[in-house]
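The chain contents come next:
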Amino acid sequence: MNILLVGSGGREHALAWKLKQSNLCTQLFIAPGNAGTSLLGTNLPIVVNDFELLKAACLKNNITMMVVGPEEPLVNGIYDDFKNDTNTKHIHVIGPSKNAAQLEGSKAFAKEFMLRHNIPTAAYKEFTNSNYAEGLEYIKNHSLPIVLKADGLAAGKGVVICTNTMEALSEFELMLHKSKFGEAGKRVVIEEFLTGIELSIFALTDGENYLLLPEAKDYKRIGDGDTGLNTGGMGAVSPVPFVTEAFLQKIKTQIVIPTIEGFKKDKFEYKGFVFFGLINVDGEPKVIEYNCRMGDPETETVIPRIESDLVELFLATAQQRLHEKNIIINPKSVTTVIAVSGGYPEGYEKGKEIKGLNKLTITDGMLFHCGTLQKNELTVTNGGRVIAATSYGQTIKEAVKSSINTLQQLNYDGMYYRTDIGYEFE
Ligand code: AMP
Ligand code: GLY
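Here's a quick rundown of the structure. Because the structure is a prediction, the values reported are computed rather than measured.

Another aspect to go through is the overall build of the protein chain. The secondary structure content of the protein chain amounts to 12 helices and 23 strands. Over its C-alpha atoms the protein chain spans a radius of gyration of 21 Å, differing by no more than 12% from the 22 Å that the globule rule assigns to 426 residues. In terms of overall dimensions, the protein chain has C-alpha extents of about 60 × 50 × 45 Å along its principal axes. For the protein chain, the proportion of contacts with a sequence separation of at least 24, taken over those separated by at least 6, is 69%. Entry remark: accessible area of the protein chain is about 17,600 Å², with carbon and sulfur atoms responsible for 49%. One finds the centroid of the 43 positive side-chain charges in the protein chain at a distance of 2 Å from the centroid of its 51 negative side-chain charges.

Written out as structure tokens, the structure is:
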């Protein structure tokens, strides 16, 4: 079967790497892809939100499965767009419907879903301009810290954690009266601050059944020791040592199963990944957020631990027979360390030549491209996050050492990476 993968980051390179290994994959196309995915399949110069061009490319290339990497096309309804078109409705789309993708597209929608299905999460209330005054009172009477969230997609920037009431009142005003996050912030979710360690859990679901993927922990801050600005993610580890069998059981019974049951009760059409952003509050798991896709960089860590054929699993997902499948997981530790552009997550330059790619020696791991571009003979930087070095190890420490060893063989102007990924798990 011919497969189209939508997206262009490290997540997509890792998915492309895995899809390509399947005997069921004849030809692989990636739209738009990056320099790394071009080594595994054919990159198509189509942006992820151009559904008409994506449909035309599917028909032209006899594509019968489309895997959607990023959230934006999902929230914009790519699934429904393909299913409602007689020419493309036969194509298996891996990703949720537009309605179900609102779990990521609207924080208020996700909170209402959790409340309805009794899924543990932070206490909250939502506000718009119509109950603005009530919002001010709510903030004044709320304990600190307090969390303000723009309802819609805000490129990972819509969450503000305030440690004093004045700051919270001012943020609230900026969001609702000054359009700080544009349309995304026209509705604001205010919730209690939860203290604990975060982790990411992933499931593949066909809307009825699910398979749990390996868990991961992502490192969001730019600096060693979890300091400095928030980024899209500077590295990840899997497995996560504090996720014991007992804790995982709680996650399943209190969160994963009620979520899938909730999909059924609410009649969500969902054939894709569910990403549970969780926090461990004194041994009790709570949901911080849902995403309707895989995480980045978690995918670069989680996918290499899966030994099962991913195309087979996707086919079973599309045909709603995931209950027939199980998933084989490599017990080794896997880590990913991300090299970014100088200046990221603030302003950075693109177009820097990445040197050392041709003579790279990696013993037990692989290199995934995030923001890269092939320019004639040169591979150049093309984003904030540039390269993901993934390694296997007997321990997290050993794997991280290998990931760093990989990155030490590469060089570009402004290259930066954290050297302490997995530091808590020495
Ligand atoms: P989100 O976009 O909802 O994932 O939020 C981004 C980040 O803000 C999360 O990964 C957490 O680190 C933090 N965060 C969000 N909500 C809360 C909360 N209720 N308590 C503590 N931290 C939070
Ligand atoms: N690494 C977090 C995310 O993909 O949202």
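Okay, the site of ligand 1 next. As a structural note, the neighbourhood of ligand 1 is formed by 14 residues, with Glu191, Glu192, Leu194, Glu198 and Glu289 the closest of them. Here an oxygen atom of ligand 1 and a side-chain polar atom of Glu198 are 2.4 Å apart. Burial of ligand 1 by the surrounding chains reaches 87%, relative to a free accessible area of 470 Å². Secondary-structure elements contributing two or more residues to the shell around ligand 1 are β7 (146–150), β8 (159–162), β9 (188–192) and β17 (284–291). Taken together, the residues that form the shell around ligand 1 break down as seven nonpolar, no polar and seven charged.

Next up on the list: the state of the cysteines. Counted by the stated rule, this structure contains zero disulfides. In this structure Cys58 is not part of a disulfide, and its nearest cysteine sulfur, from Cys25, lies 13 Å away. Residue classification places Cys58 among the buried positions, given a relative accessible area of 1%. In this structure Cys292 is a free cysteine whose sulfur lies 19 Å from that of Cys58, the closest cysteine sulfur available. Relative accessible area serves as the criterion here: at 1%, Cys292 is assigned to the buried category.

A few words now on the site of ligand 2. Around ligand 2, a shell composed of Asp218, Gly232, Phe275, Asn291, Arg293, Gly295, Asp296, Pro297 and Glu298 is seen. Separating a nitrogen atom of ligand 2 from a backbone N or O atom of Gly232 is a distance of 3.4 Å. Within the backbone of Asp296, a nitrogen or oxygen atom sits 2.9 Å from a nitrogen atom of ligand 2. Considering ligand 2 on its own, with 200 Å² of exposed area, one finds that the protein chains cover 87% of that surface. A class-by-class count of the residues in the shell around ligand 2 yields two nonpolar, three polar and four charged.

Here the focus is the packing of aromatic side chains. Under the counting rule described, the total for this entry stands at 17 aromatic pairs. Seen from their ring centres, Phe113 and Tyr290 are 5.9 Å apart, and the 80 degrees between their planes marks the pair as edge-to-face. Linking Phe113 in helix α6 (residues 107–116) with Tyr290 in strand β17, this pair joins segments that are 177 residues apart in sequence. On the basis of relative accessibility, which here comes to 0%, the residue Phe113 falls in the buried class. Taking relative accessible area as the criterion, Tyr290 reaches 2% and is therefore assigned buried. Taken together, Phe109, Phe113, Phe263, Phe268, Tyr270, Phe276 and Tyr290 form an aromatic cluster joined through their ring pairs.

In space, the four strands of this open sheet follow the order β6-β9-β7-β8, with antiparallel pairing throughout. Sheet topology places β6 (124–127) and β8 at the edges, where each strand pairs with a single neighbour. Going from strand to strand, the sheet's axes swing by 20 degrees on average, the running direction of each strand aside. Relative to β9, β6 is paired through four bridges, and the arrangement is antiparallel.

In the contact formed by helix α1 (residues 10–20) and helix α11 (residues 310–318), the axes pass within 7 Å of each other and the chain directions differ by 95 degrees. As the angle between them shows, α1 and α11 are arranged roughly perpendicular. Listed contacts from α11 to Leu15, Lys18 and Leu19 of α1 are Leu310, Val311 and Phe314. A class-by-class count of the residues in the contact of α1 with α11 yields five nonpolar, no polar and one charged.

With that settled, consider helix α5 (residues 98–105). For α5, the tally of buried residues reaches six of eight residues, placing the bulk of the element in the interior. Among all positions of α5, only Ala100, Ala101, Gln102, Leu103, Glu104 and Gly105 are buried.

A few words now on α1. Most of α1 is tucked away, with nine of its 11 residues classed as buried. All of the buried residues along α1 are Gly10, Arg11, Glu12, His13, Ala14, Leu15, Ala16, Lys18 and Leu19. Close packing links the buried residues of α1 with β1 (2–7), β2 (28–32), β4 (63–68), α10 (298–302), α11 and β19 (365–369).

Below, the discussion takes up the pattern of salt bridges. Taken as a whole and judged by the stated rule, the model has 28 salt bridges. Here Lys332 makes a salt bridge to Asp364, at a shortest N to O gap of 2.9 Å. Residue Lys332 is located in the loop between α11 and β18 (333–340), and its partner Asp364 is located in the loop between β18 and β19; the two are separated by 32 residues in the primary sequence. The exposure class of Lys332 is partly exposed, given its relative accessible area of 27%. With relative accessibility at 33%, the residue Asp364 sits in the partly exposed group. Here the salt bridges share partners, and the residues they tie into one network are Glu52, Lys55, Asp81 and Asp85.

Procedures and definitions
Residues numbered from 1 in each chain as written. Chains lettered and ligands numbered in written order. Predicted model: local features only at pLDDT ≥ 70, side-chain atom pairs only at ≥ 80, totals over all residues. Heavy atoms only, no water. Helix = DSSP H or I, 4+ residues; strand = E, 2+ residues; numbered from the N terminus. Rg over C-alpha atoms; globule rule 2.2 N^0.38 Å. Contact = heavy atoms within 4.5 Å. Areas by Shrake-Rupley, 256 points an atom, 1.4 Å probe, with all protein chains shown as cover. Lys, Arg positive; Asp, Glu negative; His and termini not counted. Charge placed at Lys NZ, Arg CZ, Asp CG, Glu CD. Near = heavy atom within 4 Å. Polar contact = N/O pair within 3.5 Å; in protein donor to acceptor, adjacent residues only side chain to side chain. Nonpolar A, V, L, I, M, F, W, Y, C, P; charged D, E, K, R; others polar. Disulfide = S-S within 2.5 Å. Buried < 20%, exposed > 50% of the residue type's maximum accessible area, 1.4 Å probe, protein only. Phe/Tyr/Trp six-rings, centres within 6.5 Å; stacked < 30°, edge-to-face > 60°. Pairing = 2+ DSSP bridges. Axes fitted to C-alpha atoms, helices over the stretch in contact; angles between N-to-C directions. Parallel < 35°, antiparallel > 145°, perpendicular 65-115°, else oblique. Salt bridge = Lys/Arg side-chain N within 4 Å of Asp/Glu carboxyl O.

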